[in-house]
Amino acid sequence: MSTQTEEMKSLENLSGKKGVSIMKDLKEVFPDLGDLATKLHKELYERDVLNLKQQEIVTLSILIAQGNTESALKFHINAALHAGLSKEEIFEIILHAAPYTGFPRAINAVYAAHEIFVENGLVE
């Protein structure tokens, strides 16, 4: 199996077909960045110290704290669902982050999460 195929399989294990689709779109727009992001995901998320749920909790927390990261946040909310986090757990992460990151960032994260939940049929 080629390295590129292994990287896309790793990405699918992390984030499902939606994540692969998003990364393929990025590769069409800017192949160099898409390739780098795909390689990074494989290297980082195949480590075995933290499980996927733990890795996504960390990633969501950092993205919420940074703010202005809605596209990456949506990608990782989808990946968090794929890793086994529930809608309620994701909302709880956002709530827990709110006093530390600020309410505007938490509110943006809620709307990003809601959009992904609708796409995944978790809410209407």
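Scroll up a little and you will see the structure.
Calculation notes
Residues numbered from 1 in each chain as written. Predicted model: local features only at pLDDT ≥ 70, side-chain atom pairs only at ≥ 80, totals over all residues. Heavy atoms only, no water. Helix = DSSP H or I, 4+ residues; strand = E, 2+ residues; numbered from the N terminus. Rg over C-alpha atoms; globule rule 2.2 N^0.38 Å. Buried < 20%, exposed > 50% of the residue type's maximum accessible area, 1.4 Å probe, protein only. Contact = heavy atoms within 4.5 Å. Areas by Shrake-Rupley, 256 points an atom, 1.4 Å probe, with all protein chains shown as cover. Lys, Arg positive; Asp, Glu negative; His and termini not counted. Charge placed at Lys NZ, Arg CZ, Asp CG, Glu CD. 1 Å grid on protein atoms, 1.4 Å probe; cavity = no way out; pocket = protein on both sides within 12 Å on 5 of 7 lines; lining within 4 Å. Points joined across faces, edges and corners; volume = space filled by probe spheres on them. Nonpolar A, V, L, I, M, F, W, Y, C, P; charged D, E, K, R; others polar.

Caption draft 1: Fine view of the overall build of the protein chain. When helices and strands are counted, the protein chain shows 6 helices and 0 strands. The order of helices and strands in the protein chain, counted from the N terminus, is α-α-α-α-α-α. Relative to its length of 124 residues, the protein chain is compact, with a C-alpha radius of gyration of 14 Å against a globular reference of 14 Å. Across the 124 residues that make up the protein chain, the buried fraction comes to 38%. In the protein chain, once contacts between residues fewer than 6 apart in sequence are set aside, the share between residues at least 24 apart is 60%. When the accessible surface of the protein chain is summed, it comes to about 7,500 Å², and 57% of that surface belongs to carbon and sulfur atoms. Within the protein chain, one finds 12 positive and 18 negative side-chain charges whose respective centroids are separated by 2 Å.

Caption draft 2: Quick peek at the layout of surface pockets. Of the pockets and cavities examined, the largest pocket occupies roughly 490 Å³. Lining the largest pocket are 23 residues; nearest its centre among them are His-41, Tyr-45, Thr-59, Phe-75 and His-76. Elements supplying a minimum of two residues to the lining of the largest pocket: helix H1 (3-29), helix H2 (31-45), helix H3 (52-66), helix H4 (70-83) and helix H6 (103-119). Of the residues that constitute the lining of the largest pocket, the class distribution is 13 nonpolar, 5 polar and 5 charged.

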